[in-house]
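# What the coordinates show
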Amino acid sequence: MSNTEIAIRGRGVACAHALSGVMLFHLRRFICCALFGLLVVAAAHAGENAVVDFNRDIRPILSENCFSCHGPDEKKRKAKLRLDVRDIAVSVRESVQAVKPKDLDGSELWRRITTKDEDDLMPPSDSNKKLTAPQIAMLRRWILEGAEYKGHWSFEPPIKSGLPKISDKRWVKNDIDYFIAAKLADKKMKPEPEAAKETLIRRVTFDLTGLPPTPEEVDAFLADKKSDAYEKLVDRLLQSPRYGEQQARYWLDAVRYGDTHGLHLDNERSMWPYRDWVVNALNENMPFDQFTVWQIAGDLLPDATREQKVASGYNRCNITTSEGGAIDDEFYVRYAIDRTETTAINWMGLTAGCAVCHDHKFDPISQKEFYSLYSIFNNNNEKAMDGGIALTPPMLKLPSAEQEKQLAEFDQQIAGVKKEMDAAVANLDYKDPGPHELEKVTEPREIIFFEDEIPVGAKAVKIGGTSELELVTTNTGKVFSGAKAIKRSATGVAQDVFENSMQPLIVGNGDKLFAHIFIDPANPPKAIMLQFKTTDWNYRANWGDEEAIPYGEKGSEKKLMMGPLPKAGEWVRLEVETDKLAMKDGLRINGVAFTQHGGTIFWDKAGAMTQLVQKDRSAESQWAWEAHQRAEGAGGLPTEITTLIKKNSTNDVDEKALKNYYIKNVFSGGRIVLEPLNAKLKTLQDKRNELEKQIPGTLVSQEMEKPRGAYILRRGEYDQRGEEVQPGVPKFLPPLPADEKTNRLSFAKWLVAPNHPLTSRVIVNRYWQQFFGTGLVKSAEDFGSQGEWPSHPELLDWLAIHFMESGWNVKAFQKLLVSSAAYRQDSRVTEKKYEIDPENRLVSRGPRFRLDAEQIRDNALFVGGILEEKMGGRPVRPYQPEGIWEAVAYTKSDTANYKQDHGDALYRRSLYTLWKRTAAPASMTTFDAPSREKYCVRRERTDTPLQALVTMNDIQFVEAARHLGERMIQQSQNLDQRLEFGFRLVTARRPSTSEKSILKQALQKHLTKYESDPDSAGKLIAVGESPANKNLKSSELAAYTMVASLLLNLDETLNKN
Amino acid sequence: MNPFQEHLHLLSRRHFFKSTGLAVGRIALAGLMLPEVVRASSSKIAAQAHPSLPGLPHFAPKAKRLIYLFMNGGPSQMDLLDYKPGMRKSFDADLPESIRMGQRLTTMTSGQSRFPIAPSKYEFKQYGKSGTWFSELLKNTAQVADEMAVIKSVHTEAINHDPAVTYIQTGRQIPGNASLGSWLSYGLGSECDNLPAFVVMTPSWSAKRDAQALYQRLWGSGFLPTKHAGVSLRAKGDPVLFIKDPPGVDSRTRRDMLDALAQLNLLEHKKIGDPEINTRISQYEMAFRMQSSVPDLTDISKESKATLELYGPEATTPGTFSHSALMARRLAERGVRCIEIFHREWDHHTDLPRDLPLQCRDVDRASYGLITDLKNRGMLDETLVVWGGEFGRTVYCQGKLTKEDYGRDHHPRCFSMWMAGGGIKGGMTYGETDDFSYNVVKDPVHISEINATILHCLGIDHRKLTFKFQGLDQRLTGVEERDVVKGILS
């Protein structure tokens, strides 16, 4: 999700308004005092008495309403006025001063925002912006208080302030709570007490592992009355391998990880080793700075390890194309922009993509600076077209230790065999019998290529037509000679093709090729064609309608027209001279195709009238072999041999190489000796190839030897190159180290350097968002001028510094978050509290919001007891309604048809579901999972009827419900205990009496229904591929399935509470 | 979130809290006829759950809804709508360089040594009082010529499918942005409480060739809340994903389950107080209503023979364009805001005369049927119907050229679309191209201006329908100055 404007061509970018610059300041000044009076009433954040804070109160107003014309974008700047820089804002130019501190009358800005003159009013009406009364009042206070400026808060280094003073410390669990409590006290609010233990364990277990606690775990926690019970729980969860699987999801959203390329064909991409690396790195609690460097530049680290290279796949997660017609340069640009933009958002909360076409409108990133940043990401040694293959280079194969061993063994054996071959060749005494002309007999005679049987070694292929190859006898059709002929009926173009015969026909000057046909007079064709193959198929003789058979360029030798169709109802001999087909002497025909457009035809005996001796002398004479290869254009040989033959070199080295090849591969004497060795070699090589195919791989980064170079692209268009730029970072941020080469590595280290104002803030804010639902900065993707002011700025800074000081210790940090009293609060809300704090930005209660898509599915599988907890590996294809891929995919895509997996693969965690980016898994996207075409650092959280349909009707959920129902039945003989067990599985708590009675009533209704309707019961419990337990009564199981489905659909189940 | 919407959201939540949530909770405890209460109150809320934004429509709309017939792949304008009789005499002549002006080509033809002109082999005639030209391939659509404005001067910048189709449907060439239909849903809200506001169909096509891909992003919501994304009405399997109860679960059983669910959720609401719980209850009720309204929607047994005939013989075959067009009318009747039909395989690089007629046969009669049917029911005035693809095709031939057989590459510099119904002046042609249907020579219309015009017909000022994302006021028509095509408005 971005606002990049690449490759959008046309006229100039719209300007928000068109007042001419200088004129603006010559306009008559005019102050509207009456309006002034009205506005004083209004006030916003700052409160009546508090001092105006530029960053909190003023910058958002200026940024939203003024900066697009009076901000960082130099090209669009009006009247040369900048309101984002104080020196310019307060300067007097042409006797006009935009902002005169402490003087409203002297401030043109004040006049222009309060004037009644429509032409003078700012922001201009055509900008669709309008200042509100409180905003105008705020600007007024600011000017009167001296119009102080501050640097944008997030671009200044964070400051770790002392803990706020609070009066009542009983609620506090750790340092975070001081900040939360102080703010609540400001607003005259009180936090909530700690949530019930059942709620708490469910909340934190979901947050840290993505799955719910088991009743046993709940019991253990309830029974643990020690003061460190919660801490022990958190430690246990942080050690669980499920932790990495849960945390990885957020990261994979941010880095737009997918299992397909994403554009056009959207073929499968092998990227999952990177996904597994992320999971492992998180489980091993890799410090975040290292996590960063490995991903952005793992490949550039000295002696990069395999893991570091896999991590560098981060830069390869962007969508790519292989669309026919696409222009390489355009896509190199798109990829580098995508990488730059994603990295800027993900680590720095900067919407750098805005500067693709022009200077950033709100933040101090010039277009040139954008392309300097881009330059760092523009040197991947890749092709613009992904080729539609799973492993688009640069890529890394990842053999296991065992596979590596096997490969080495094969290589050793192969080397051994080759040595043996060399020795055998060295022992051979070969002398070329010398040049020979093609031998001729005195009279031409027929050499048969096709008669009754398919030519030796040839493969019969049928193209077009309606049926397979049909050989008829005199009983079933017409036969010219021998016992059989081919019969072919067709509506359009149809061909019977025989190719790669091992006994080729050698042709010479003056030879004629022939075949016999019998056209059914009741159903004549439009046209017929005889086609011959040597190294290619470019020899065609046609009879009949020139247009009917569309092969070969008209008027050329490649489409020789022989005249009208031969007479129908009798056998006719078709003949064509090899000269007319432009066949060179010595060419060997190894294939023939009988072609027709429509009609019914019998084809029989085909071959050549030739004087040549049909003897292939290649096996005896290197000269003959070379001559033949030259005539046929040397097909099927290794390139270097082809080149040598063409070169006809007399150089010793070349001659030796050619001879060596000849003896090993062609010479009959050599072949006899080498055949068994060749066979051995082939077996080994086949086995090695087979093994190679099994070895997974992943896309990695690799720097080009010579950088691609980067230019300012005018209006972001790939072919509009301006000034060349060098790699670098925006000036408002700390400089890159001067003594290091500027590349991805120095950039990555710079991101996590202690003086970087953004990275730590951005990351801790996202962790906060993960656990509390909304970040301290709500706009997690934008920490710039247009981003939102933090709800707790001091806390954000405190956390950012704390995180860095801890050595970027992620688990320790998350433990801090979940250990706070703020996190552990009860989430109930009174009407009054809701009025004041509807979004819980003040953290006046515990976090409560809908679980993510993956958690909802995984939870159902888990409580149903069918979750398959195998970690890692290739993505899987669980249940998916038919037709979802087919409805959109390019028909040639390898992800055009969804082939569902079976068995365990159906029950893996959702993290492992194959993510096709142009048609993401339906039950996931319905719950706001992103398509992964672009980065996403903050998911939507919507509530729609389509979601209810998923959890009620999707096979996956119905099957899970049946298993949950089965678990309930098997838990106990006692109805109450069964219901209680089911309820505890989904909510972690015991149901109240009224809840239980509602469940009982529901169960009773379903039982009545299914006892009277066993058919329906049978159908319901048959949903899903796992078989229903045969020991259970189907009506009872069906009724429990419905109750279990009800439990899975409870609001409480779908929420973290 | 847009401040307007935020405000609205808050209002409705507060309202909910006061008027229904807590009150219903109390009633629940008293053990009254609970499910009915829930249903009554939640349906009221559901109807409000998706209203228009405050201030929208910006002005009185001419059309209430949009039906977009999208021909994915790029139909050939000079074989269908942009009549160039003069070209016949230039058969196989080289396209003059003065026309081509070195403009960029796809890599599929940029290597060609010649650019020979391939005149259309199809006959054109004038139709209607307006005398609008149509190819013989669209002779049925041509019958309603007087209802439509044919625009011959549409242009774009993208030259390949993925970027081009993403561009015309979402306003940008790269993924991640909100689609046209999702903007309409977001801005104008939903008029019905038992069907989604934005419905998409992807029927089959007759030229059984490899068809260019579609992407869910074409009806996705991008940065807008996901509830505005288009919902597929499918021909295979469930018409709406997961709409059918599982085997063995009938409507009564579902109702029983939902009643118990609502009771339990209300108890939870009583305890927790979060208004979102009530939203969830109402969403489950709407899901239940959808479960009955979708079968009603897809049951065409009550359509008269005369109506079915309008759409052609395939009207009763689910999965065809014709059936989809009929569904579009039925969806329109039920208050669905935006209906898009994506018909594939219009990418005729070669063998155009083999494939184009098949494709036209799919859509020609049905387009006529749709417009006539809407008109007969008095709905055409309030329904905007749009027909077109993502770009046009070249006058010069790709591959083999004969008088009877040719192919055409992608062409972004001009192509034709038509619009009909609410807000559109019927019986007119807008814009002109040069003799080679290569460059626009009069009244150019950028694809974003098509979108601006669509929004205009629905009462939206495209400059004002914005959504704050990444600090910017995002809009469908992008940052450049774009105008409504006033010349085609009624």
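In this report, we go over the structure that sits alongside the text. (Residues numbered from 1 in each chain as written. Chains lettered and ligands numbered in written order. Predicted model: local features only at pLDDT ≥ 70, side-chain atom pairs only at ≥ 80, totals over all residues. Heavy atoms only, no water.)

For the rest of this paragraph, the subject is the overall build of chain B. Counting its secondary structure elements, chain B contains twelve helices and 17 strands. Relative to the 2.2 N^0.38 estimate, which gives 23 Å for 490 residues, the radius of gyration of chain B is 25 Å and therefore close to what a compact globule would have. Sorting the 490 residues of chain B into buried and exposed places 67% on the buried side. As displayed, chain B has an accessible area near 16000 Å², and 53% of this comes from carbon and sulfur atoms. Both charge centroids of chain B, one from 60 positive and one from 55 negative side chains, sit 4 Å from each other. (Helix = DSSP H or I, 4+ residues; strand = E, 2+ residues; numbered from the N terminus. Rg over C-alpha atoms; globule rule 2.2 N^0.38 Å. Buried < 20%, exposed > 50% of the residue type's maximum accessible area, 1.4 Å probe, protein only. Areas by Shrake-Rupley, 256 points an atom, 1.4 Å probe, with all protein chains shown as cover. Lys, Arg positive; Asp, Glu negative; His and termini not counted. Charge placed at Lys NZ, Arg CZ, Asp CG, Glu CD.)

Residue and element names in this part refer to chain B. Strand 8 (residues 383–388) sits mainly inside the fold: six of its six residues count as buried. Because side chains alternate across strand 8, one face comprises the buried residues T383, V385 and W387, and the other comprises L384, V386 and G388, equally buried. Examined bridge by bridge, strand 1 (residues 65–71) and strand 8 share six bridges and lie parallel to one another. Looking across to strand 8, one finds that Y68 is bridged to V386. (Pairing = 2+ DSSP bridges.)

All names here are of chain A. It is at 11 Å that the axes of helix 11 (residues 229–239) and helix 26 (residues 810–819) come closest, and there the two elements cross at 140 degrees. With respect to the hand of their crossing, helix 11 and helix 26 are arranged in right-handed fashion. Residue-level contacts link Y230, E231, V234, D235, L238 and Q239 of helix 11 to K811, K815, V818 and S819 of helix 26. Per-class residue counts for the contact of helix 11 with helix 26 are four nonpolar, two polar and four charged. (Axes fitted to C-alpha atoms, helices over the stretch in contact; angles between N-to-C directions. Left-handed = near helix turned anticlockwise from the far one by under 90°. Contact = heavy atoms within 4.5 Å. Nonpolar A, V, L, I, M, F, W, Y, C, P; charged D, E, K, R; others polar.)

Let us now look at the interface of chain A and chain B. At the junction of the two partners, chain A supplies 110 residues and chain B supplies 104 residues. When chain A packs against chain B, close to 9000 Å² is buried across both sides, 55% of that on carbon and sulfur atoms. Where chain A packs against chain B, one counts eleven salt bridges. Between R217(B) and E933(A) there is a salt bridge whose closest N-O contact spans 2.4 Å. For the side of chain A that touches chain B, the secondary-structure elements that each account for two or more residues are helix 16 (328–348), helix 28 (831–836), helix 30 (884–888), helix 32 (945–953), helix 35 (993–1012), helix 36 (1014–1021), helix 37 (1034–1049) and helix 38 (1051–1054) of chain A. In terms of residue class, the side of chain A that touches chain B is made up of 46 nonpolar, 28 polar and 36 charged. (Buried area = accessible area lost by both parts, 1.4 Å probe. Salt bridge = Lys/Arg side-chain N within 4 Å of Asp/Glu carboxyl O.)

Another aspect to go through is the packing of helix 9 (residues 197–209) of chain A against helix 12 (residues 241–254) of chain A. Residues and elements named next belong to chain A. Taken N-terminus to C-terminus, the directions of helix 9 and helix 12 make an angle of 75 degrees; their axes are 6 Å apart at the nearest point. Classed by the angle they form, the pair helix 9 and helix 12 counts as roughly perpendicular. Within the contact between the two elements, helix 9 uses F206, D207, L208 and T209 and helix 12 uses R242, Y243, Q246 and Q247. The residue makeup of the contact of helix 9 with helix 12, split by class, is three nonpolar, three polar and two charged. (Parallel < 35°, antiparallel > 145°, perpendicular 65-115°, else oblique.)

All names here are of chain A. Looking at the secondary structure, you find D207 in helix 9. Relative accessible area serves as the criterion here: at 3%, D207 is assigned to the buried category. Side chain to side chain, D207 and Y823 meet in a polar contact 2.6 Å long. (Polar contact = N/O pair within 3.5 Å; in protein donor to acceptor, adjacent residues only side chain to side chain.)

In this structure, L66(B), L69(B), L384(B), W418(B) and I454(B) are the most contacted members of the largest nonpolar core, which totals 198 residues. For this core, the element with the most residues is helix 37 of chain A, which contributes ten residues. When neighbours within four sequence positions are excluded, L384(B) is seen to be in contact with A63(B), R65(B), L66(B), I67(B), M419(B), A420(B), G422(B), I424(B), I454(B), C457(B) and L458(B). (Core = buried A, V, L, I, M, F, W, Y, C linked by side-chain atoms within 4.5 Å.)

All names here are of chain A. With respect to the element layout, K512 can be found in strand 9 (residues 512–519). A relative accessible area of 31% places K512 in the partly exposed class. Along the sequence, K512 and L574 sit 62 residues apart, while their C-alpha atoms lie 9.8 Å from each other. Among all residues touching K512, those that are not within four sequence positions of it are E575, V576, E577, G607, A608 and M609.

Moving on: the pattern of salt bridges. Under the defined criterion, the tally for this structure stands at 127 salt bridges over all chains. Taking the shortest distance from any N to any O, the salt bridge between E869(A) and R242(A) comes out at 2.7 Å. Taken together, the residues E869(A) in the loop between helix 29 (853–863) and helix 30 and R242(A) in helix 12 connect sequence positions 627 residues apart. Overall, the relative accessible area of 35% leaves E869(A) in the partly exposed class. We note a salt bridge from K1009(A) to D1013(A), for which the minimum N-O separation is 3.0 Å. Of the residues examined, D1013(A) reaches a relative accessible area of 21% and is grouped as partly exposed. Linked through salt bridges whose partners overlap, the residues forming this network are D296(B), E303(B), R329(B), R330(B), E333(B), R334(B), D373(B) and R377(B).

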